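Next come the chains, spelled out residue by residue.
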Amino acid sequence: MELLSPSAQRVQDALRGMGFAYEVIEFAQTTRTAAEAAAAVGCTVGQIAKSLVFKTRHGGRPLLVIASGANRVNEKAMRAIVGEPIEKPDADFVRQQTGFVIGGVPPLGHAAPLTIFIDEDLLQYDIIWAAAGTPNAVFRLAPADLLPMTGGQAIKVT
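Reading the values: the criteria
Residues numbered from 1 in each chain as written. Predicted model: local features only at pLDDT ≥ 70, side-chain atom pairs only at ≥ 80, totals over all residues. Heavy atoms only, no water. Helix = DSSP H or I, 4+ residues; strand = E, 2+ residues; numbered from the N terminus. Buried < 20%, exposed > 50% of the residue type's maximum accessible area, 1.4 Å probe, protein only. Areas by Shrake-Rupley, 256 points an atom, 1.4 Å probe, with all protein chains shown as cover. Lys, Arg positive; Asp, Glu negative; His and termini not counted. Charge placed at Lys NZ, Arg CZ, Asp CG, Glu CD. 1 Å grid on protein atoms, 1.4 Å probe; cavity = no way out; pocket = protein on both sides within 12 Å on 5 of 7 lines; lining within 4 Å. Points joined across faces, edges and corners; volume = space filled by probe spheres on them. Nonpolar A, V, L, I, M, F, W, Y, C, P; charged D, E, K, R; others polar. Phe/Tyr/Trp six-rings, centres within 6.5 Å; stacked < 30°, edge-to-face > 60°. Lys NZ or Arg CZ within 6 Å of the ring centre and 35° of its normal. Arc of directions from axis to C-beta. Polar contact = N/O pair within 3.5 Å; in protein donor to acceptor, adjacent residues only side chain to side chain. Expected span 1.5 Å × (residues − 1). Contact = heavy atoms within 4.5 Å.

(A) Up close: the overall build of the protein chain. Across its full length, the protein chain carries five helices and eight strands. Helices and strands appear in the protein chain in the N-to-C order α-β-α-β-β-α-β-α-β-β-β-α-β. If you line up the protein chain on its principal axes, its C-alpha atoms span 45 × 30 × 30 Å. Taking all 158 residues of the protein chain together, the buried fraction comes to 50%. Per element, the accessible surface of the protein chain, about 7,500 Å² overall, is 51% carbon and sulfur. Seen as two clouds, the 14 positive and the 15 negative side-chain charges of the protein chain have centres 7 Å apart.

Structure below.
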């Protein structure tokens, strides 16, 4: 078995620590976008669980939305759910809150506790793929495991 980069290894360790047997895979090519990840693993774009970090505009609270790669998050709908407008933060905020770079944010193992929402569209698949700490690392999982893995809430994000 090849050695993982430090960030990918942190995700692997977090998975093991929570009792999940999923394996992190690192590719030579990037899996930063949903389309790139789908091409690398041989699945549909909808089966990619993309991790999108937002922050509340007034409180500056970090939010993680784990969305199907086929969907665009409706920020107005999210405003209704969280009670204030949300915005996309800069890369430094993402790294500070999650401990990971944009394009590699996993569903678990974050630097700070995050409020997490899961796109209910992901739950229709037998298998999905999520980022695993770097822009070229992913892991395969059952969508039903996202809820206990993250403590997140399943919602409609579109």
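Back to the write-up after that little detour.
(B) Region of interest: the layout of surface pockets. Taken as a whole, the largest pocket holds about 610 Å³ of empty space. What lines the largest pocket is a set of 27 residues, among which R32, K50, S51, L52 and I102 lie closest to the centre. Among the secondary structure elements, those contributing two or more residues to the lining of the largest pocket are α2 (34-41), β2 (48-56) and β6 (128-131). Its residues assigned to classes, the lining of the largest pocket shows 16 nonpolar, six polar and five charged.

(C) Layout of the packing of aromatic side chains. This structure, assessed with the given rule, holds two aromatic pairs. A ring pair is formed by Y22 and F139, whose centres lie 6.3 Å apart and whose planes are at 35°; its orientation type is tilted. Here F139 lies in strand β7 (residues 137-141) and Y22 lies in the loop between α1 (6-17) and β1 (24-26), a separation of 117 residues in the sequence. Judged by its relative accessible area of 0%, F139 is buried. An aromatic cluster of three or more residues is present, and its members are F20, Y22 and F139. Directly above the ring of F100 sits R10, whose terminal nitrogen or CZ lies 4.3 Å from the centroid.

(D) Spotlight on helix α4 (residues 91-98). All of the buried residues along α4 are F93, V94, Q97 and T98. Around the axis of α4, the buried residues are gathered within 105° of arc, so they sit on the same side. Facing away from the buried side of α4, by more than 90 degrees, are the exposed residues D92 and Q96. Capping of α4 at its N-terminal end is provided by D90; its side-chain oxygen lies 3.2 Å from the backbone amide nitrogen of D92.

(E) Main features of α1. With twelve residues, α1 extends 16 Å between its outermost C-alpha atoms, agreeing within 8% with the 16 Å of an ideal straight helix rising 1.5 Å per residue. The set of residues buried in α1 consists of S7, A8, V11, Q12, A14 and L15. When α1 is viewed along its axis, its buried side chains cluster within an angular range of 160° and face the same direction. Across from the buried face of α1, at angles greater than 90 degrees, the exposed residues are P6 and G17. Close packing links the buried residues of α1 with β1, β7 and α5 (146-150).

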